[in-house]
Amino acid sequence: QVQLVESGGGLVQAGGSLRLSCAASGSIFSINAMGWYRQAPGKQRELVAVITSGGDTNYSDSVKGRFTISRDNAKNTVFLLMISLKPEDTATYFCNAQVRLYSAYTPPRNYWGRGTQVAVSS
């Protein structure tokens, strides 16, 4: 019904940059919000950034000032520009979307992508 496909991960040196993308597809009526979460080995999954369809954003303190979330509502796509990357940013980054399928009468649900790997070397 809904697919979220992330791309843009990779291996970079500390101080480098990456731009993640996540495209949602399916019988989508509307997307209330899209966001990025990350999970490092041995740690819990945490919120990185979220953006609503209206453009309101929220960031975790650890990435504030370095990461920028943006969206293209027409393409159901969310981006995460990451600059000044640190080794502690190493994690699997997951895309999340709160989606209403088919019509305004369908209740919204959360969907997750498979994740994209980000590794930052010192």
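In case you missed it, the structure is sitting above this.
Residues numbered from 1 in each chain as written. Predicted model: local features only at pLDDT ≥ 70, side-chain atom pairs only at ≥ 80, totals over all residues. Heavy atoms only, no water.

When you look at the pattern of salt bridges in this model, what are you seeing that I'm missing?
Where side chains of opposite charge bring their charged atoms close, a pairing between them can arise. Counted according to the given criterion, the structure contains four salt bridges. Measuring nitrogen to oxygen at the nearest pair gives 3.3 Å for the salt bridge that ties aspartate 61 to lysine 64. A salt bridge links arginine 66 to aspartate 89; the shortest N-O distance between them is 2.8 Å. Residue arginine 66 is found in the loop between β6 (57-59) and β7 (67-72), and its partner aspartate 89 is found in the loop between β8 (77-82) and β9 (91-101); the two are separated by 23 residues along the sequence. Each member of the pair, arginine 66 as well as aspartate 89, is classed as buried. (Salt bridge = Lys/Arg side-chain N within 4 Å of Asp/Glu carboxyl O. Helix = DSSP H or I, 4+ residues; strand = E, 2+ residues; numbered from the N terminus. Buried < 20%, exposed > 50% of the residue type's maximum accessible area, 1.4 Å probe, protein only.)

When you look at the nonpolar core in this model, what are you seeing that I'm missing?
Residues Leu4, Met34, Trp36, Leu80, Met82 and Tyr93 are the most contacted members of the largest nonpolar core, which totals 32 residues. Here this core takes six residues from β9, the largest share from any one element. When sequence neighbours within four positions are dropped, the list of residues in contact with leucine 4 reads Cys22, Ala23, Ala24, Met34, Cys95, Asn96, Ala97, Tyr111, Trp112, Gly113 and Arg114. (Core = buried A, V, L, I, M, F, W, Y, C linked by side-chain atoms within 4.5 Å. Contact = heavy atoms within 4.5 Å.)

It is not clear to me how the packing of aromatic side chains should be interpreted in this structure. Could you clarify?
Geometrically, a pair of aromatic rings is defined through the distance of the ring centres and the angle of the planes. Scanning all chains against the criterion turns up one aromatic pair. Residue placement shows arginine 19 over the ring face of phenylalanine 79; its charged tip is 4.1 Å from the ring centre. For the cation-ring pair, arginine 45 lies above phenylalanine 94, with the distance from its terminal atom to the ring centre recorded as 3.8 Å. (Phe/Tyr/Trp six-rings, centres within 6.5 Å; stacked < 30°, edge-to-face > 60°. Lys NZ or Arg CZ within 6 Å of the ring centre and 35° of its normal.)

Even after reading the chapter, I still don't get the sheet that holds strand β3 (residues 18-26), so can you show me in this structure?
Hydrogen bonds along the backbone pair up the strands of a sheet, which may run parallel or antiparallel. Spatially, four strands are ordered β1-β3-β8-β7 in an open sheet, and the strand pairing comes out antiparallel. Two strands in the sheet have a free side with no partner beyond their single neighbour: β1 (2-7) and β7. When strand polarity is set aside, the average angle formed by the axes of neighbouring strands in this sheet is 15°. Looking at chain direction, β7 and β8 are connected through six bridges and run antiparallel. Bridge pairing in β8 places isoleucine 69 opposite leucine 80. (Pairing = 2+ DSSP bridges. Axes fitted to C-alpha atoms, helices over the stretch in contact; angles between N-to-C directions.)

What's the story with the side chain of glutamate 6 in this structure? I'm lost.
As for its position among the elements, glutamate 6 is in strand β1. Look at glutamate 6: it is buried, it has no salt bridge, and the nearest opposite charge is arginine 114 at 7.6 Å. Within the local environment of glutamate 6, its side chain forms a polar contact with the backbone nitrogen of arginine 114, the two atoms lying 3.2 Å apart. Among the polar contacts made by the side chain of glutamate 6, one reaches the main-chain amide nitrogen of glycine 115 at a distance of 3.0 Å. With residues up to four places along the chain from it excluded, the contact list for glutamate 6 reads Ser21, Cys22, Trp36, Tyr93, Phe94, Cys95, Gly113, Arg114, Gly115 and Thr116. (Lys, Arg positive; Asp, Glu negative; His and termini not counted. Polar contact = N/O pair within 3.5 Å; in protein donor to acceptor, adjacent residues only side chain to side chain.)

What should I look at first to understand the side chain of threonine 116 in this one?
Turning to its location among the elements, threonine 116 is positioned in strand β11 (residues 116-121). Look at threonine 116 and you get buried, because its relative accessible area is 10%. A distance of 3.2 Å separates the side chain of threonine 116 from the backbone nitrogen of glycine 9, its partner in a polar contact. The residues touching threonine 116, leaving out its near neighbours within four places in the chain, are Glu6, Ser7, Gly8, Gly9, Leu20, Ala91, Thr92 and Tyr93.

Geometric descriptors of this kind do not, in isolation, establish any biological role.
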